[in-house]
Amino acid sequence: MGQRTVLICGAGIAGATLAYWLARHGFQPTVVERAQVLRSSGSPVDVHGAAIEVARRMGILPRLHEAATNAPGLAFVTASGRRVGPLRLGRPRGDDVEIPRADLAAILCEAGRDEAEFLFGDSITALRADDDGVDVTFKRAAPRRFDLVVGADGLHSTVRALAFGPENGFVRHLGLYIATLSLGRPAADPGTVLMYNQPGLSLTIHPVRGTAGAGFIFRGPPGLDYRDTRTQQRIVLDAYTVYDWPVPELPDLREQVLTAKDLYFDSVSQIRLPGWSRGRVTLLGDAASCVSLFGDGSSLAMTGATTLAEALAATPEDLPAALRGYESRHRKLASSRQRGHNLAAALLVPATRTGLIARNLTAGLLPR
């Protein structure tokens, strides 16, 4: 049999890592990405634990450290302007690294770019699987046939919708939304992540590396639109312009949100699926087991992609066994991270003013 072909939908952290390892295990990976270019925004993420070993084996760990945010502390800012902190709250240690999500995805894509095919600005519109392969219809490219299709296309996965059904059967909204954007200017404090709160709202200024980023996490009902930029802007402004925010980096919050060219917006949700594979279609990363904002999603994406590639390489003649092995190994790790979101939400986005006061008093007693 010739070189096995794998279509990966999504050039994010999971998809790029998988493309790298599949190529090194003798597969022929193709990555299709809806966006014309990699996304430039998103929350900084931690790479730690087993993902550090993945990065070391890929030879990219020095580049991750070069791109690190270098902001070791988080401080809450009270209504009077007093800081509570900085707090460590599990900040990276040793080789662990916090890095902008876009930088991590770019480094991973670059690592596998010479050995994988990347189709930017395209998407899947139909899948037709049989016992021997999957016929794929693209929006722009000509139809092609692959031995395996992997949905690494995030919380709102197209592959999952085509192969498993509508997302409302699998997505559990956690009562929060997140938006991020780049401020295009340095942070007033280059060494500390600052979080401002009002009941049900948090506004975080992250210094990143010279150019600050703003993060908005707020409570809201399910069903808010995540596709239309104008609607996203309105939702954020409706939530945040109720209050004055004494944030030096945001002298005009409304103008900043309306003119942002890299606004990212989505719900904070989890994915619950009884199984991650249907025949020759499987899911990876957030598409399979989104742990959302509080669950080490980027590190899990890297380790899950590595596990999938190793499972496929171990039994190349028995795809069902490979996919079962991948899910059995990785589901245990992912499931352990899908807990504790209520505690994290209470810490970062207290729902009431009383909750804010209690959080700040408690945080003030934590060891620095």
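Please read all numbers here as calculations on a predicted model, not as lab measurements.

A. Up close: the overall build of the protein chain. Helix and strand counts for the protein chain stand at 12 helices and 18 strands. Computed over C-alpha atoms, the radius of gyration of the protein chain comes to 21 Å, within 12% of the 21 Å expected from 2.2 N^0.38 for 368 residues, which places it in the range of a compact globule. Judged by the C-alpha coordinates and their principal axes, the protein chain covers about 70 × 40 × 35 Å. Long-range contacts, defined here as pairs at least 24 residues apart, represent 72% of the contacts in the protein chain between residues at least 6 apart. Counting every atom, the protein chain has about 16,300 Å² of accessible surface; 51% of that belongs to carbon and sulfur.

B. Seen up close, helix α12 (residues 353–363). Taken together, the buried positions of α12 are Leu356, Arg359, Asn360 and Ala363. Buried residues of α12, viewed axially, fall in a sector of 95 degrees; they line one side. In α12, the exposed residues that point more than 90 degrees away from the buried face are Thr354 and Leu361.

C. Structural view of the sheet that holds strand β8 (residues 124–129). A sheet is described by the order of its strands in space; here three strands give the open sequence β8-β9-β10, paired in antiparallel fashion. With one partner strand each, in any of the chains shown, β8 and β10 (144–146) form the two edges of the open sheet. Here the average twist between neighbouring strands, direction ignored, is 25 degrees. When β8 meets strand β9 (residues 134–138), the two strands line up antiparallel, connected through five bridges. Within β9, the residue paired with alanine 129 across the bridge is valine 134.

D. Layout of the pattern of salt bridges. Under the defined criterion, the tally for this structure stands at 13 salt bridges. Aspartate 130 is paired through a salt bridge with arginine 145; the nearest N and O atoms lie 2.7 Å apart. With a gap of 15 residues between them, aspartate 130 in the loop between β8 and β9 and arginine 145 in strand β10 connect regions that are remote in the sequence. Judged by its relative accessible area of 32%, aspartate 130 is partly exposed. Take arginine 145: its relative accessible area is 39%, and that puts it in the partly exposed class. Put simply, Arg128, Asp130, Asp135 and Arg145 are held in one network by salt bridges that share partners.

E. Fine view of the packing of helix α1 (residues 13–24) against helix α2 (residues 50–58). Put simply, α1 and α2 touch, their axes get as near as 12 Å, and they point 50 degrees apart. When the interaxial angle is binned, α1 and α2 end up oblique. By crossing handedness, the relation of α1 to α2 is classed as left-handed. Two secondary-structure elements touch here, α1 through Thr17, Tyr20 and Trp21 and α2 through Val54, Arg57 and Met58. In terms of residue class, the contact of α1 with α2 is made up of four nonpolar, one polar and one charged.

Here is what the cut-offs are and how they apply
Residues numbered from 1 in each chain as written. Predicted model: local features only at pLDDT ≥ 70, side-chain atom pairs only at ≥ 80, totals over all residues. Heavy atoms only, no water. Helix = DSSP H or I, 4+ residues; strand = E, 2+ residues; numbered from the N terminus. Rg over C-alpha atoms; globule rule 2.2 N^0.38 Å. Contact = heavy atoms within 4.5 Å. Areas by Shrake-Rupley, 256 points an atom, 1.4 Å probe, with all protein chains shown as cover. Buried < 20%, exposed > 50% of the residue type's maximum accessible area, 1.4 Å probe, protein only. Arc of directions from axis to C-beta. Pairing = 2+ DSSP bridges. Axes fitted to C-alpha atoms, helices over the stretch in contact; angles between N-to-C directions. Salt bridge = Lys/Arg side-chain N within 4 Å of Asp/Glu carboxyl O. Parallel < 35°, antiparallel > 145°, perpendicular 65-115°, else oblique. Left-handed = near helix turned anticlockwise from the far one by under 90°. Nonpolar A, V, L, I, M, F, W, Y, C, P; charged D, E, K, R; others polar.

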